[in-house]
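Breakdown of the fold
What follows is each chain in one-letter form.
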Amino acid sequence: LQEMLQDRGSPVELRRSCVQALGRLTPGNAPWAGGVVELLARHEQDGSDRLTRNLTAIALAEIGGSASGPLRHRVMEVLARAVTKGGTHYRPWAALGLGVLGHRMMQQGATPPLVLQEAVAARFRDPGRPLERAAYAISLGLLGAAGESGTIWKVLQRTRDPEFRGHACVALGLLGAQQYREPLRELLRDSRRLPELQRQIAISLGLLGDPQAVPTLLELLAPATGRATLSVLASSANALGFIGDRRSVDPLVEILDARGTQLQIARAFAAVALGMVADKDLRPWVVSIGEGINYSATVGTLYDPVYATGILDIL
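Residues numbered from 1 in each chain as written. Predicted model: local features only at pLDDT ≥ 70, side-chain atom pairs only at ≥ 80, totals over all residues. Heavy atoms only, no water.

**Things to note about the pattern of salt bridges**
Quick note on the threshold: For this document, the term salt bridge refers to a Lys or Arg side-chain nitrogen within 4 Å of an Asp or Glu carboxyl oxygen. Numbered from the N terminus, helices here are DSSP runs of H or I no shorter than four residues, and strands are runs of E no shorter than two. Here the term buried applies to any residue with accessible area under 20% of the maximum for its type, exposed to any over 50%, and partly exposed to those in between, with areas from a 1.4 Å probe on protein chains only.
This structure, assessed with the given rule, holds 14 salt bridges. Ionic pairing is found between E77 and R74, a salt bridge with its closest N-O pair at 2.9 Å. Of this pair, E77 and R74 both sit in helix α5 (residues 69-85), 3 residues apart, which is roughly one turn of the helix. What makes R74 partly exposed here is its relative accessible area of 24%. Measuring nitrogen to oxygen at the nearest pair gives 3.8 Å for the salt bridge that ties R123 to D126.

Here it is as structure tokens:
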């Protein structure tokens, strides 16, 4: 993998996959891990393809997350410096890398250094493109920077970009910002025409354990008056499935059985939600297929942007 990554004659899609594979296949305690870290750090500086360079941030974080001592500190140093002084396109990726690394540390009972939160928070406060700020928001959520939840909410209110708003909502959920449950519920009701934003708000409410999230989503799935659009039905079903609250089972069965009063498509999405709620796994079934995928080189059997017939296109 290291040889192919350094071979300029290798197809660019292959080099991207090499970076991802090195991150996933290199244990932090392996004797060769230090060499892989330095190779990835050099490639971020010298690589000719921007996406390949960007992917090094996540690969470094995955290695650092399973490392300890000097090697973990080296990964932190590389990523923190990139967040502070790195190129415009690499900074948000480096911030996401720090988020992944910090989250892995917390899962192991360790506390990420406060300086990591401060570096990412400084970037988040600096006005920039919404999608970049979205990356910083998610990073703060993964780092557990609870003190930044107020800042994230204020920026969310001022920003109209739905993609940023969705990621900011997820960040608030990751931070356990219970004080925003009611405003998030209101935002959920107001986002009927923005299904992806609606789904991310629901994920946030699910992370917050909001008891009112399920009734709100059921109302969107089967409104008392009028008809829900296909996108609203899909996002509501997905959101109910993600939350997985057993209280949604009986109402969903009622929708499924209501042959005379509900549209066939609404009943179909109720069935989808029921299947997701009852899934034995905590994460959606497609995660095991799509996790860590080189999405720049997917084939039609996985993802078809034209006909949506790939397995990752399925609900």
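Don't stop here, the text continues.
**Here's the deal with unusual backbone geometry**
With a phi angle near 55°, A308 is a residue other than glycine that sits in the positive phi range. Its place among the elements puts A308 in the segment after α17 (287-290). Residue class for A308 comes out partly exposed when judged on its relative accessible area of 49%.

**A closer look at the packing of aromatic side chains**
Rules: Aromatic rings from Phe, Tyr and Trp, with only the six-membered ring used for Trp, were paired whenever their centres fell within 6.5 Å, and each pair was classed as stacked if the ring planes differed by under 30 degrees, edge-to-face if by over 60, and tilted otherwise. By definition, being over a ring means that NZ of Lys or CZ of Arg is both within 6 Å of the ring centre and within 35 degrees of the ring normal.
For the coordinates displayed, the defined rule picks out 2 aromatic pairs. Ring centres of F124 and F164 lie 6.3 Å apart, and the angle between their planes is 20°; this geometry places the pair in the stacked category. Here the residue F124 occupies a position in helix α7 (residues 114-125), and F164 occupies one in helix α10 (residues 162-174), the gap between them amounting to 40 residues. Take F164: its relative accessible area is 0%, and that puts it in the buried class. Ring geometry for W153 and Y180: centres 5.0 Å apart, planes at 25°, overall stacked. Taken together, the residues span a long stretch of sequence, with W153 in helix α9 (residues 149-158) and Y180 in the loop between α10 and α11 (181-189) at a distance of 27 residues. Of the two residues examined, W153 and Y180, each falls in the buried class. The ring of F124 has R133 sitting right over it, with the charged end atom 5.2 Å from the ring centre.

**Structural notes on the nonpolar core**
Stated formally: Here, the term nonpolar core denotes a set of buried Ala, Val, Leu, Ile, Met, Phe, Trp, Tyr and Cys residues that are joined through side-chain atoms within 4.5 Å. Only heavy atoms enter the contact rule, under which two residues are in contact if any of them lie within 4.5 Å.
One finds L40, L79 and L252 to be the most contacted residues of the largest nonpolar core, which totals 86 residues. No other element matches the 8 residues that α5 contributes to this core. Residues contacting L40, with those up to four places away along its chain left out, are L5, V19, L22, T56, A59, L60 and I63.

**Some thoughts on a nonpolar patch on the surface**
What counts, and what does not: Every patch collects residues that have over 30% relative accessible area and no salt bridge, joining them within 9 Å if they carry like charges and within 5 Å if they are nonpolar side chains (Val, Leu, Ile, Met, Phe, Trp, Tyr). Surface accessibility in these figures is a Shrake-Rupley result with a 1.4 Å probe; residues are shielded only by whichever protein chains are displayed.
Judged by side-chain polarity, L1, M4, L14 and L25 come together as a nonpolar surface patch covering roughly 340 Å² of accessible area. Within the secondary structure, M4 sits in helix α1 (residues 2-6).

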